[in-house]
Amino acid sequence: MASQKLEMIFESNPNKDFLRSNYDKPLIEQWYRSRGNPLKYLGLPAWEMLDIIEWQDFLEHFTTIEREEDQQHLMFLRANVKDLEHRLHALYGEFDDLLLTGRDKYGKTPQWPYDVINLNYFGGFIYPNLARPKALKKLIENQATYERNFVLLLTQHLRDRDSIGEKAAFLGDLRKWLKNSTYDQSLHAAIDRVIDWYLDGEIPDAARQALYMNYFLRDSGEGEHFNVKCRAPIVYSSSGGAWMIHFATEFYYQPGMGHRAASDQSLVELINLGLREVKDGKFAKSRFVQPTL
Ligand SMILES: C[S@@+](CC[C@H](N)C(=O)[O-])C[C@H]1O[C@@H](n2cnc3c(N)ncnc32)[C@H](O)[C@@H]1O
């Protein structure tokens, strides 16, 4: 009876459903098979716990973070109905604060380390206090402390208008890094062409956000001795019509290293990943076609 009531208030979205079942799930299954053990999950599943339920055959324990009290209560109920309660470790509060301080509002701590981390949050990435990038760096540092490989799924709103300055500065630095590491002068014109394209105010911000985030994940991971493999980010529209961007990134710990790691995926490969789009519950021809190096 209770489960029927819960199912009725659930609102689905074909694009998100597609990503959860057809894109993220095969990746999680691949991780489960190569690890040979069920995986530990950390994420923001909301009360429906659709991701946990969809991937439950590959998961062992789940740590959930939720800042809405009513969602938290419904989550307990749902876990009970789905017989998942004994595998659930529920934390309460803002995930940025929780990751930065290491504790939730009641002083409970995450159970580090994790294999699958699914952060599907409201808002963008860069705010003046930089709490979100700091929280993500802390998360990567925690995983490194345990030398644990992991896959990070990250979904955020496409609305970083307040961070145009930050992204422009990043693109300026990226131009310098690329030129400094490319001795062949004939490639410099191609680097300028690509970076100028990203800087152009006319191009959709999605392209800048995609490149910025992937670079951030790679750079933060390498700093903590991870070999980082990024994938092309995916843009889709959510139930409320808001535009979202989804990232799936793999982090492989490189033991016995005093210096930062160098990923197998090159910076040029990362830049050339581009951006994909999901529409009407399937991959569509992307409107975001960026120049490549
Ligand atoms: C979009 S839903 C998660 C959907 C789920 N991952 C799936 O695949 O269906 C996000 C949930 O996280 C919570 N949430 C969003 N931003 C948060 C934040 N900054 N800190 C804590 N919880 C947050 C919301 O209240 C909501 O219940």
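The structure displayed is predicted, hence computed values, not measured ones. (Residues numbered from 1 in each chain as written. Predicted model: local features only at pLDDT ≥ 70, side-chain atom pairs only at ≥ 80, totals over all residues.)

Topic: the overall build of the protein chain
- If you tally the helices and strands in the protein chain, you get ten helices and ten strands.
- Against the globule reference of 19 Å for 293 residues, the protein chain gives a C-alpha radius of gyration of 20 Å, in line with a compact fold.
- Going through the 293 residues of the protein chain one by one, you find that 32% of them count as buried. (Helix = DSSP H or I, 4+ residues; strand = E, 2+ residues; numbered from the N terminus. Rg over C-alpha atoms; globule rule 2.2 N^0.38 Å. Buried ≥ 20, exposed ≤ 12 C-beta atoms within 10 Å, placed from the backbone.)

Description of the confidence of the model for the protein chain
- Mean pLDDT over the protein chain works out to 90, with 94% of the residues at or above the 70 mark.
- Contacts of residues 1-10 to residues separated by more than four positions or lying in other chains number six contacts, the stretch itself having pLDDT below 50. (pLDDT = per-residue confidence, 0-100. Contact = placed C-beta atoms within 7 Å.)

Some points on the environment of L178
- Here L178 lies in helix α7 (residues 164-180).
- Taking the C-beta count within 10 Å as the criterion, L178 has 20 such neighbours and is therefore assigned buried.
- With 123 residues separating them in the primary sequence, L178 and W55 have C-alpha atoms 39 Å apart.
- Beyond its immediate sequence surroundings of up to four residues, L178 is in contact with I191 and L267.

As for helix α4 (residues 69-81)
- Taking 1.5 Å per residue, 13 residues should reach 18 Å; α4 reaches 19 Å between its end C-alpha atoms and fits that length.
- Buried residues of α4: M75, R78 and A79, and no others. The buried residues of α4 occupy one face: seen down the axis, they fall within an arc of 100°. Exposed positions of α4 whose direction lies more than 90 degrees from the buried face are E69, D70 and H73. (Expected span 1.5 Å × (residues − 1). Arc of directions from axis to C-beta.)

So, unusual backbone geometry
- Geometrically, the link from W112 to P113 is a cis peptide bond, its omega value of -5° lying close to zero.
- With respect to the element layout, P113 can be found in the loop between α5 (95-101) and β4 (116-120).
- In the Ramachandran plot, M49 falls in the positive-phi region, its phi being about 50° despite a non-glycine side chain.
- Overall, M49 belongs to the buried group, with 20 C-beta atoms counted inside 10 Å.
- Within the chain, D280 stands out as a residue other than glycine whose phi angle is a positive 50°.
- Mapped onto the fold, D280 is located in the loop between β9 (276-279) and β10 (282-284).
- Residue class for D280 comes out exposed when judged on the 10 C-beta atoms lying within 10 Å of it.

What to know about the site of the ligand
- Every one of the 17 residues lining the ligand counts as a neighbour, but L44, A46, D51, R67 and N120 are closest to it.
- Broken down by secondary-structure element, the contributors of at least two residues to the shell around the ligand are α3 (50-55), β2 (59-66) and β4.
- Here the residues of the shell around the ligand are counted per class, giving eight nonpolar, three polar and six charged. (Near = placed C-beta within 6 Å. Nonpolar A, V, L, I, M, F, W, Y, C, P; charged D, E, K, R; others polar.)

Here we look at helix α2 (residues 14-35)
- In this model, α2 (22 residues) spans 30 Å end to end at C-alpha, consistent with the 32 Å of a helix rising 1.5 Å per residue.
- Of all bends in α2, the biggest is about 40°, found at D24, and the proline P26 comes one to four residues later.
- Buried residues of α2: N15, K16, L19, R20, D24 and I28, and no others.
- Downstream of α2 by one or two residues, G36 has phi in the positive range, about 80°. (Bend = angle between axes of the 7 residues up to and from the residue.)

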